Amino acid sequence: MPDRAGAPPRAWQRMLSGRRLDLLDPSPLDIEVEDIAHGLARVARWNGQTFGDHAYSVAQHSLLVERIFRLQQPEAMPRERLAALLHDAPEYVIGDMISPFKAVIDTAYREVEERLSAAVRLRFGLPAALPQQLRRRIKKADQVAAYWEAVQLAGFADKEATRYFGLPGRIGLKQVAELLEPWPAKRCESRYLKSVKAMAAATTETA
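Residues numbered from 1 in each chain as written. Predicted model: local features only at pLDDT ≥ 70, side-chain atom pairs only at ≥ 80, totals over all residues. Heavy atoms only, no water.

Peer 1: Please give an account of the packing of helix H2 (residues 58-72) against helix H7 (residues 132-152) that cites residues and values.
Peer 2: Contact pair H2 / H7: the axes reach a minimum separation of 8 Å and the direction vectors enclose 120 degrees. Our classification of the angle between H2 and H7 gives oblique. Crossing hand, H2 versus H7: right-handed. Residues His61, Leu64, Val65, Ile68, Phe69 and Gln72 of H2 form the contact with H7, whose participating residues are Leu134, Arg137, Ile138, Lys140, Ala141, Asp142, Val144, Ala145 and Glu149. Counted by class, the contact of H2 with H7 contains nine nonpolar, two polar and four charged residues. (Axes fitted to C-alpha atoms, helices over the stretch in contact; angles between N-to-C directions. Helix = DSSP H or I, 4+ residues; strand = E, 2+ residues; numbered from the N terminus. Parallel < 35°, antiparallel > 145°, perpendicular 65-115°, else oblique. Left-handed = near helix turned anticlockwise from the far one by under 90°. Contact = heavy atoms within 4.5 Å. Nonpolar A, V, L, I, M, F, W, Y, C, P; charged D, E, K, R; others polar.)

Here's what the structure looks like:
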């Protein structure tokens, strides 16, 4: 609805950095890594329906996906690992919508998400559109992460998790257990921020 002055609906969000990010036409220049880390550390996975004293954040999930991606692809370049770490970055603006609801509003949500994803990638020196092979590899790591989160945090039985996310393959619980203990928001923010900065620096060095 229009604001009090009768202006068109506001399509931008003000970030704590002071940036104003337009959801309809996001600019890489308005994307700050500190805003991403802060936001993702406070967005809950699984709509907050997880065990533990803290919500399981998208920031921690992203660290888990990058860990799994690295275990699956030990030869991966820093830029590929950075892409894995940033795979859910748009959710610092639009939140983590559960898959069943995404299916209901598929087209509109996907369009906004992809515009934001492209802007984030450009901000960190990655191509706006990732190669399909890399997308598939990241998706594979994301599904393994979802399996372990479902079983360890969201109350799924193994058979049910396997049905929706597939088997985790050679990625065992011991390899990812540290990242399945929900952390406080500040710890998630710090770890995510540190990881993105380190990987972005490594990407620049190897460019």
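Peer 1: Provide a residue-level description of H2, including the pertinent values.
Peer 2: Over its 15 residues, H2 extends 21 Å from the first C-alpha to the last, a length consistent with the 21 Å expected when each residue adds 1.5 Å. Most of H2 sits inside the fold, with 13 of its 15 residues counted as buried. (Expected span 1.5 Å × (residues − 1). Buried < 20%, exposed > 50% of the residue type's maximum accessible area, 1.4 Å probe, protein only.)

Peer 1: Describe the packing of helix H1 (residues 33-40) against helix H10 (residues 185-206), naming the residues involved and giving the relevant values.
Peer 2: Helices that pack against each other are described as a pair by the angle of their axes relative to one another and the distance between those axes. One way to put it is that H1 packs onto H10 with a least axis distance of 8 Å and a crossing angle of 145 degrees. Where H1 crosses over H10, the handedness of that crossing is right-handed. Here Val33, Glu34, Ile36, Ala37, His38 and Leu40 of H1 lie close against H10, whose contacting residues are Glu189, Tyr192, Leu193, Val196 and Lys197. Here the contact of H1 with H10 is built from residues that sort into seven nonpolar, one polar and three charged.

Peer 1: I'd like a description of H7, backed by residues and values.
Peer 2: Look at H7: 30 Å from first C-alpha to last across 21 residues, which is about the 30 Å you get at 1.5 Å a residue. Listing the buried residues of H7 in full gives Leu134, Ile138, Ala141, Asp142, Val144, Ala145, Ala146, Tyr147, Trp148, Glu149 and Ala150. If you follow the buried residues of H7, they end up packed against H2, helix H3 (78-85), helix H8 (158-165) and helix H9 (173-176).

Peer 1: Tell me about the pattern of salt bridges, and please be specific about residues and values.
Peer 2: The tally for this structure, following the rule as stated, stands at 12 salt bridges. Here Arg45 ties to Glu149 by a salt bridge, and the two come within 2.7 Å at their closest N and O atoms. With Arg45 in the loop between H1 and H2 and Glu149 in helix H7, this residue pair connects regions lying 104 residues apart in the sequence. No difference in accessibility class separates Arg45 from Glu149, as the two residues are buried. For the salt bridge of Glu178 with Arg191, the shortest nitrogen-to-oxygen distance reads 3.4 Å. With a gap of 13 residues between them, Glu178 in the loop between H9 and H10 and Arg191 in helix H10 connect regions that are remote in the sequence. Residue Glu178 is classed as partly exposed on the basis of its relative accessible area of 38%. Connected through shared salt-bridge partners, Arg19, Asp30 and Glu32 make up one network. (Salt bridge = Lys/Arg side-chain N within 4 Å of Asp/Glu carboxyl O.)

Peer 1: Any chance you could break down the packing of aromatic side chains for me, citing the residues and the numbers?
Peer 2: Applying the stated rule across the entire model yields five aromatic pairs. Centroid distance Tyr147 to Trp148: 5.1 Å. Interplanar angle 80 degrees. Geometry classified as edge-to-face. For Tyr147, a relative accessible area of 4% translates into the label buried. One aromatic cluster in this structure is built from Trp46, Phe156, Tyr164 and Phe165. The cationic tip of Arg20 hangs over the ring face of Trp12; the distance from NZ or CZ to the ring centre is 4.3 Å. The aromatic ring of Phe124 is capped on one face by Arg123, whose charged end is 4.9 Å from the ring centroid. (Phe/Tyr/Trp six-rings, centres within 6.5 Å; stacked < 30°, edge-to-face > 60°. Lys NZ or Arg CZ within 6 Å of the ring centre and 35° of its normal.)

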